[in-house]
Amino acid sequence: MSVAEIEAREIQLEAPTGGLWADAWARLRRNPGALAGFFLVGSFVVIAIFASVMAPYSPTHVDLNALSANGLPTGPSWQHWVGVDQLGRDEFSRILYGARYSLVIGLVAVSSGLSLGLLFGSVAGYVGGFVDSLIMRFMDVMLAIPGLLLAIGLVAALGQGLWQIMVAVGITNVPIFARLLRGSVLAQREQDFVLAARAVGARRRGILFSHILPNAMSPVIVQGTLAMATAIIDVAGLGFLGLGPQDPGTPEWGTMLTQADQYLESGALYLAVSPGIAIVLAVLGFNMIGDGLREALDPKLRGRVGKFKEAKAEPPDGRLVPEVGESA
Amino acid sequence: MSTNGNANLVEVEGLKVYFPIKSGIVLDRHVGDVKAVDDVSFEIRRGETLGLVGESGCGKSTLGRALLLLYKPTAGRIVFDGQDLTKLGAEEVRTLRQRMQIVFQDPFASLNPRHSVGRIVGEPLRVHGLATRREAANRVRDLLETVGLPADAATRYPHEFSGGQRQRIGLARALALNPDFVVADEPVSALDVSIQAQIINLFEELQTEFNLTYLFIAHDLAVVRHISDRVAVMYLGVIVEVSPSGALYDSPLHPYTISLLSAIPIPDPEVERARKPILLAGDLPSPANPPAACRFHTRCPFVQETRCRDEAPLLRELEPGHSVACHWAEQIRAGELKPKQRAAEVVEQVQQAGWEPPPT
């Protein structure tokens, strides 16, 4: 039996592992951090969708009777689990509804930023030359302005409102994605399998879409998840700075934080803490998924399903490895 | 196979492939060229295997890829079966690609990791619209069988295969369109020795079965000797010697070839002890700034006071079918000149500030 026949037999014995995406998914499912992230983001999405069912009150229902005798917001009680705000609105319901704003604004902003960034980045990377220089220098100019500052400027220019926030946060994301993808496309463009595709006579567009982009997407997917986290913070930041939705009654987390500011001294700490916790949990969830994806999509871990624990395990014989600088 | 009566399938005349060295931030300034292939002429006959040897960085891969127009030639003619490729439009070249294919050196980089083997091998059929889905699936099955892989390999992905098996996949892809001409770009150098033999035998079997013409690039002289009918030796972007493979190994004419062959150990302790390898001084000079006149004069053990440093030697036929580019080839053959050990000579630095070798 020749070596090739033995090898062929070995291949038949092993079960097919499926494509790289399937591999990555299998690794992701075995990563506890990513699972926690999925749980947080999952709850966030469920809350955003079913806010009207889950919330005990309407987020804009003003109940002045719920305020204390001297007109200050009151803390947690059986009627209002997280207390009421300065107008007697139920804080818990407002947090639940706030998830909608964060999720929708974040999603729209990131996906628009991602699509524009993809377009610019892949054109710059694949076409190269003067077009590349032109696009990338423009992106550099945008990157030179701090993200939140750029968003503030854009909202100031466009006027306040929901879609203006989406546009502003989206635009700040464009150069990040463009840069990332350009680098990735440049790296893939020189690969042998791209040359091979040219050698068999594939057309330029076909090569870009079936060979270069699928292999260049991994870092973009990771960045997309992390950008969701940043977008939620940016939206809250804009709201906190008074550039949130025009109607001050909108239950947006950042706006709620700002309004809580005046009542902190009178002891309404919960008004600041509860939207804060909501923001932290949502951001944490996206970050954990992003980190999990980064590990799962890392080509160096290819084919190693479920080996995360072994990597961190102690030396097999249980001996402690002496640390550097430890004297004998 | 269409034949125009010409014995040569591929004819290359004065081929140059230069890679521009650019610098600048917004507008690129052209500051020089890496002369990867510099004025090369040769021909490949129908059904033969032309071996192409030379050390790393001498431009042999670039030459092979330029033949398939994967790199744009800077100057020169590439005539494939009577048609000058450099004068054809993009769509005509695309059609002609059905007749010329390439197998790459690195079997891990040349297959798209996100495509199944069936998709990889079937891609040539798909992009040329040559087969329906079912026909393509059958053809892929046949091709995999031809190169010695199980039919169920089609549903698997490249990372599930070993190096030798991946090279078989690459070969199946190259054969999908029934080409006449295949450039094998160091197809075995990345493989274990035991696997190398199998792949080379496969190349030979396929050549007989499908009447293929090969340009077989390698840096392993033994491999090239085994598979080639004729061998071309390349040094720093130029061809220095072309000969039938037997003659090249028995009576090399160019000093570079002589040095290369003298470095091969002989598996006989008696003979081996008497062997006096000619060691070449220094490294391959930079192709961005090659030595003037004869490119080998900075390292040549036979270098002479006259001609070598001021006159570029042309490839001339010394014996039937055996050409060499050396002014002193006759004297060297006659034993009038003796090799001498020499120190490395530094190439005069001309206009090259901050040049870095291009990524290979």
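Residues numbered from 1 in each chain as written. Chains lettered and ligands numbered in written order. Predicted model: local features only at pLDDT ≥ 70, side-chain atom pairs only at ≥ 80, totals over all residues. Heavy atoms only, no water.

Looking at the overall build of chain A
Helix and strand counts for chain A stand at 12 helices and zero strands. Counting from the amino terminus, helix and strand elements in chain A follow one another as α-α-α-α-α-α-α-α-α-α-α-α. Among the 328 residues that make up chain A, the fraction classed as buried is 46%. Excluding contacts between residues fewer than 6 apart, the proportion of contacts in chain A whose partners are at least 24 apart in sequence is 73%. (Helix = DSSP H or I, 4+ residues; strand = E, 2+ residues; numbered from the N terminus. Buried < 20%, exposed > 50% of the residue type's maximum accessible area, 1.4 Å probe, protein only. Contact = heavy atoms within 4.5 Å.)

Let's talk about the packing of aromatic side chains
As enumerated under the stated definition, the model contains 10 aromatic pairs over all chains in all. Measuring from ring centre to ring centre gives 5.4 Å for B:Phe203 and B:Tyr214, while their planes differ by 75°; the resulting arrangement is edge-to-face. Residue B:Phe203 is found in helix 6 (residues 193-210), and its partner B:Tyr214 is found in strand 8 (residues 213-218); the two are separated by 11 residues along the sequence. Comparing B:Phe203 with B:Tyr214, the two get one shared label, buried. A relative accessible area of 0% means that B:Phe203 is categorised as buried. Three or more aromatic residues link up through ring pairs in this structure, and these residues are A:Phe44, A:Trp253 and A:Phe286. A:Arg204 extends its terminal NZ or CZ atom over the ring of A:Tyr126, reaching a point 5.2 Å from the ring centre. (Phe/Tyr/Trp six-rings, centres within 6.5 Å; stacked < 30°, edge-to-face > 60°. Lys NZ or Arg CZ within 6 Å of the ring centre and 35° of its normal.)

Comments concerning the packing of helix 9 (residues 204-240) of chain A against helix 10 (residues 253-260) of chain A
Residues and elements named next belong to chain A. Viewed as axis vectors pointing N to C, helix 9 and helix 10 meet at an angle of 40°, and their least axial separation amounts to 6 Å. Between helix 9 and helix 10 lies a crossing of right-handed hand. Along its contact with helix 9, which presents Ala236, Gly239 and Phe240, the element helix 10 presents Gly254, Thr255, Leu257 and Thr258. Residues belonging to the contact of helix 9 with helix 10 are distributed by class as follows: three nonpolar, four polar and no charged. (Axes fitted to C-alpha atoms, helices over the stretch in contact; angles between N-to-C directions. Left-handed = near helix turned anticlockwise from the far one by under 90°. Nonpolar A, V, L, I, M, F, W, Y, C, P; charged D, E, K, R; others polar.)

As for the environment of B:Phe216
All names here are of chain B. Mapping Phe216 onto the fold places it in strand 8. On the basis of relative accessibility, which here comes to 0%, the residue Phe216 falls in the buried class. Non-local contacts of Phe216, meaning those with residues more than four positions away in its chain, are made with Thr49, Leu50, Gly51, Leu52, Ala184, Pro187, Phe203, Val223 and Ile227.

Some points on unusual backbone geometry
Residues and elements named next belong to chain B. Phi angles above zero are rare outside glycine, and Asp39 is one such case at about 60°. Within the secondary structure layout, Asp39 lies in strand 2 (residues 29-45). Overall, Asp39 belongs to the partly exposed group, its relative accessible area being 48%. Backbone geometry at Glu186 places phi at a positive 45°, although glycine is not the residue there. Position of Glu186 relative to the elements: it lies in the loop between strand 7 (181-185) and helix 6.

Some points on the interface of chain A and chain B
Taken together, the 36 residues of chain A in the interface contact 41 residues of chain B. Taken together, both faces of the contact between chain A and chain B bury some 3300 Å²; the carbon and sulfur share is 55%. Applying the counting criterion to the chain A and chain B interface returns 15 residue pairs in polar contact (both at pLDDT 80 or more). Secondary-structure elements contributing two or more residues to the side of chain A that touches chain B are helix 1 (3-13), helix 2 (20-29), helix 5 (129-144), helix 8 (192-200) and helix 9 of chain A. Among the elements that take part in the side of chain A that touches chain B, helix 8 of chain A stands out by supplying eight residues, more than any other. Partitioned by chemical class, the residues of the side of chain A that touches chain B number 17 nonpolar, 11 polar and eight charged. (Buried area = accessible area lost by both parts, 1.4 Å probe. Polar contact = N/O pair within 3.5 Å; in protein donor to acceptor, adjacent residues only side chain to side chain.)

Structural notes on the sheet that holds strand 6 (residues 100-103) of chain B
Residues and elements named next belong to chain B. The strand order 6-7-8-3-9-10-12-11 describes an open sheet built from eight strands, whose pairing is mixed. Edge positions in the sheet fall to strand 6 and strand 11 (316-319), since each has one partner strand and no second. The sheet shows a mean angle of 20° between the axes of neighbouring strands, taken without regard to direction. In terms of strand pairing, strand 7 meets strand 8 through five bridges, oriented parallel. Counted as the bridge partner of Val183 is Leu215 from strand 8. Across the sheet, helix 6 is in contact with strand 3 (49-53), strand 6, strand 7 and strand 8; its angle to strand 8 comes to roughly 165°. (Pairing = 2+ DSSP bridges.)

Focus on the packing of helix 6 (residues 147-158) of chain A against helix 7 (residues 162-189) of chain A
All names here are of chain A. Taken N-terminus to C-terminus, the directions of helix 6 and helix 7 make an angle of 145°; their axes are 9 Å apart at the nearest point. In this structure, helix 6 crosses over helix 7, and the sense of that crossing is right-handed. Taken together, the residues of helix 7 that come into contact with helix 6 (itself represented by Gly147, Leu150, Ala151, Leu154, Val155 and Leu158) are Gln164, Ile165, Val167, Ala168, Ile171 and Thr172. Its residues placed into classes, the contact of helix 6 with helix 7 shows nine nonpolar, three polar and no charged.

Some thoughts on the nonpolar core
By size, the foremost hydrophobic cluster in this structure holds 64 residues, and its most contacted members are B:Val121, B:Leu144, B:Ile169 and B:Phe203. Counting residues per element, this core draws most heavily on helix 6 of chain B, at six residues. Counting residues in each nonpolar core, the second largest holds 57 residues, with A:Leu208, A:Leu213, A:Leu226 and A:Ala229 among its members. (Core = buried A, V, L, I, M, F, W, Y, C linked by side-chain atoms within 4.5 Å.)

Considering the state of the cysteines
Considering all chains together, one arrives at zero disulfides over all chains under this definition. Of all cysteine sulfurs, the one in B:Cys308 lies closest to B:Cys294, which takes part in no disulfide; the gap is 6.0 Å. (Disulfide = S-S within 2.5 Å.)

Quick look at the pairing of strand 8 of chain B
Residue and element names in this part refer to chain B. For strand 8, the tally of buried residues reaches six of six residues, placing the bulk of the element in the interior. The two faces of strand 8 match: Thr213, Leu215 and Ile217 on one face and Tyr214, Phe216 and Ala218 on the other face are all buried. With five bridges connecting them, strand 3 and strand 8 associate as parallel partners. For Leu50, the partnering residue across the bridge sits in strand 8 and is Leu215. As a crossover connection, the stretch from strand 7 through helix 6 into strand 8 is right-handed. (Right-handed = clockwise from strand over helix to strand, strands pointing away.)

A closer look at helix 9 of chain A
All names here are of chain A. Counted at 1.5 Å a residue, the expected span for helix 9 with its 37 residues is 54 Å, but the 47 Å between its end C-alpha atoms falls short. If you look at helix 9, its biggest bend is around 50°, right at Leu213, and the proline Pro214 turns up within four residues after that. The buried count for helix 9 comes to 26 of 37 residues, which makes it a mostly enclosed element. A positive backbone phi angle near 85° is found at Gly242, which sits one or two residues after helix 9. (Expected span 1.5 Å × (residues − 1). Bend = angle between axes of the 7 residues up to and from the residue.)

Re the confidence of the model for chain A
When pLDDT is averaged along chain A, the result is 83, and 85% of the positions lie at 70 or above. The low-confidence segment residues 303-328 of chain A, where pLDDT is below 50, has 10 contacts with residues more than four positions distant or belonging to other chains. (pLDDT = per-residue confidence, 0-100.)

What to know about the sheet that holds strand 1 (residues 8-23) of chain B
All names here are of chain B. Reading across the sheet, the four strands line up as 2-1-4-5 and stay open at both edges, with antiparallel pairing between neighbours. Two strands bound the open sheet, and with one partner strand each, they are strand 2 and strand 5 (83-84). Alignment of strand 1 against strand 2, held across 12 bridges, turns out to be antiparallel. Residue pairing in the sheet places Pro20 in a bridge with Asp33 of strand 2.

A few points about the environment of B:Arg45
All names here are of chain B. Tracing the sequence through the fold places Arg45 in strand 2. We classify Arg45 as partly exposed; its relative accessible area is 36%. Separated by 32 residues in the primary sequence, Arg45 and Glu13 place their C-alpha atoms 15 Å from one another. Residues in contact with Arg45, not counting those within four places in the same chain, are Ala7, Asn8, Leu9, Thr213 and Arg230.

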